[in-house]
Amino acid sequence: MDVAQEIHQRLTVLQPELCDLDDDSAAHQGHAGAAGGGGHYTLTIVSAAFVGKNRIARHRQVYDLLQDLMPHTIHALALKTYAPGEI
Amino acid sequence: MSQNIHDVIRQQVTENPIVLYMKGSAQFPQCGFSARAVQILKACEAKSVMTVDVLQDPAIRQGIKEFSNWPTIPQLYIKGEFIGGSDIMTEMFQSGELQPLVAAAS
């Protein structure tokens, strides 16, 4: 299973309506942070699990599911979290 | 050891109104996300920002992640309160929420 599949699978517990993952790693090749091999990703996720939660709480929900992948497998993760109806 | 680092961080964020933990300096950020965080604070006309380069101190680099329960850098504190990372700063800047927080702390 590649990293993107792993991320998608972990996030299924949030039962996302949308889970869009972009692998931006190619754009970061050669910079110091990429030297360790970890990927750069942008995640847009829409989930009812975020209803009534502030931004910090939403990001923590996602981080908690991916914690052991950071920072070595995932070097950087840009996050956009929405409850249904917010976008 | 770890407790001491948390005390150092607690002191930094309570004694300084705006603290940005980042990679590199405000003049020479070493990471795109940190660079964006600096730009946003400039756009908010933030004054008296203390930046802490976590690349200069492995204990702070690990300690701030534990202290905030947040796995990524940069991290912004205003008046001792954890505001978020660069994505949250971007959203709060675009929605106009961040500017008054920064103004009240500058």
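Thresholds applied
- Residues numbered from 1 in each chain as written.
- Chains lettered and ligands numbered in written order.
- Predicted model: local features only at pLDDT ≥ 70, side-chain atom pairs only at ≥ 80, totals over all residues.
- Heavy atoms only, no water.
- Helix = DSSP H or I, 4+ residues; strand = E, 2+ residues; numbered from the N terminus.
- Buried < 20%, exposed > 50% of the residue type's maximum accessible area, 1.4 Å probe, protein only.
- Contact = heavy atoms within 4.5 Å.
- Areas by Shrake-Rupley, 256 points an atom, 1.4 Å probe, with all protein chains shown as cover.
- Lys, Arg positive; Asp, Glu negative; His and termini not counted.
- Charge placed at Lys NZ, Arg CZ, Asp CG, Glu CD.
- Pairing = 2+ DSSP bridges.
- Axes fitted to C-alpha atoms, helices over the stretch in contact; angles between N-to-C directions.
- 1 Å grid on protein atoms, 1.4 Å probe; cavity = no way out; pocket = protein on both sides within 12 Å on 5 of 7 lines; lining within 4 Å.
- Points joined across faces, edges and corners; volume = space filled by probe spheres on them.
- Nonpolar A, V, L, I, M, F, W, Y, C, P; charged D, E, K, R; others polar.
- Buried area = accessible area lost by both parts, 1.4 Å probe.
- Salt bridge = Lys/Arg side-chain N within 4 Å of Asp/Glu carboxyl O.
- Polar contact = N/O pair within 3.5 Å; in protein donor to acceptor, adjacent residues only side chain to side chain.
- Expected span 1.5 Å × (residues − 1).
- Arc of directions from axis to C-beta.

## Points about the overall build of chain A
Then, in step 1: Helix and strand counts for chain A stand at 2 helices and 3 strands.
Then, in step 2: Ordered by position from the N terminus, the helices and strands of chain A form the series α-β-β-α-β.
Then, in step 3: Considered along the principal axes of its C-alpha atoms, chain A spans approximately 40 × 25 × 20 Å.
Then, in step 4: Here chain A holds 87 residues, and 38% of them are scored as buried.
Then, in step 5: Within chain A, residue pairs in contact and separated by at least 24 positions form 64% of the contacts whose partners lie at least 6 positions apart.
Then, in step 6: For chain A, the computed accessible surface area is about 4600 Å², with 49% contributed by carbon and sulfur atoms.
Then, in step 7: The average position of the 6 basic charges and that of the 10 acidic charges among the side chains of chain A differ by 11 Å.

## Topic: the pairing of strand β2 (residues 39-46) of chain A
Residues and elements named next belong to chain A.
Then, in step 1: For β2, the buried fraction is high: 8 of the 8 residues fall into the buried class.
Then, in step 2: Residue alternation in β2 divides its side chains into two sets, Gly39, Tyr41, Leu43 and Ile45 and His40, Thr42, Thr44 and Val46, and both sets are buried.
Then, in step 3: As paired elements, β2 and strand β3 (residues 74-82) share 8 bridges and run parallel to each other. The residue bridging Thr42 from the neighbouring strand is Ala78, located in β3.

## Section: the sheet that holds strand β2 (residues 49-53) of chain B
Strand pairing within a sheet occurs via backbone hydrogen bonds; the two strands may be parallel or antiparallel.
Residues and elements named next belong to chain B.
Then, in step 1: If you trace the 4 strands from one edge of the open sheet to the other, you get β2-β1-β3-β4, paired in mixed fashion. Two strands close off the open sheet at either side, each with one partner strand: β2 and β4 (81-84). Averaged over all adjacent pairs, the angle separating strand axes in this sheet is 25 degrees, with direction ignored.
Then, in step 2: With 5 bridges joining them, strand β1 (residues 18-22) and β2 adopt parallel strand pairing. When the bridges of β2 are listed, Ile18 appears paired with Val49.
Then, in step 3: In this fold helix α3 (residues 58-68) packs onto β1, β2, β3 (75-78) and β4, with an angle of close to 60 degrees to the strand it touches most, β3.

## A word on the layout of surface pockets
It is a probe the size of a water molecule, rolled over the atoms, that shows where empty space is left.
Then, in step 1: Of the voids in this model, the second largest pocket is the one considered here, and its volume is about 200 Å³.
Then, in step 2: Along its surface, the second largest pocket is lined by Arg60, Tyr63, Asp64, Gln67, Met70 and Pro71 of chain A together with Gln62, Lys65, Glu66, Asn69, Trp70 and Pro71 of chain B.
Then, in step 3: When residues of the lining of the second largest pocket are traced back to their parent elements, those giving at least two are α2 (55-66) of chain A together with α3 of chain B.
Then, in step 4: Grouping the amino acids of the lining of the second largest pocket by side-chain chemistry returns 5 nonpolar, 3 polar and 4 charged.

## Examining the interface of chain B and chain A
Then, in step 1: Counting residues at the interface gives 15 residues for chain B, matched by 12 residues for chain A.
Then, in step 2: For the pairing of chain B and chain A, the buried interface totals around 1300 Å² over both sides, and the portion due to carbon and sulfur atoms is 58%.
Then, in step 3: The largest share of the area that chain B buries against chain A comes from Trp70, Asp87 and Glu91 of chain B, three residues that together contribute 34% of it.
Then, in step 4: Inspection of the region where chain B meets chain A yields 2 salt bridges.
Then, in step 5: Of the charged contacts in the structure, one is a salt bridge between Glu97 of chain B and Arg55 of chain A, with a shortest N-O distance of 2.7 Å.
Then, in step 6: Between the two partners, chain B and chain A, sit 6 residue pairs in polar contact (both at pLDDT 80 or more).
Then, in step 7: Each residue belonging to the side of chain B that touches chain A can be placed in one class, and the counts come to 7 nonpolar, 4 polar and 4 charged.

## Quick word on helix α2 (residues 32-43) of chain B
Then, in step 1: Over its 12 residues, α2 of chain B extends 16 Å from the first C-alpha to the last, a length consistent with the 16 Å expected when each residue adds 1.5 Å.
Then, in step 2: Among the residues of α2 of chain B, Phe33, Ser34, Ala37, Val38, Ile40 and Leu41 of chain B are the ones counted as buried. Projected down its long axis, α2 of chain B carries its buried residues within an arc of 160 degrees, all on one side. The exposed set on the far side of α2 of chain B, more than 90 degrees from its buried face, consists of Gly32, Gln39 and Lys42 of chain B.
Then, in step 3: Next to the buried residues of α2 of chain B lie β3 of chain A together with β1, β2, β3, α4 (86-94) and α5 (98-105) of chain B.
Then, in step 4: Positive backbone phi, at 55 degrees, marks Glu45 of chain B, one or two positions downstream of α2 of chain B.

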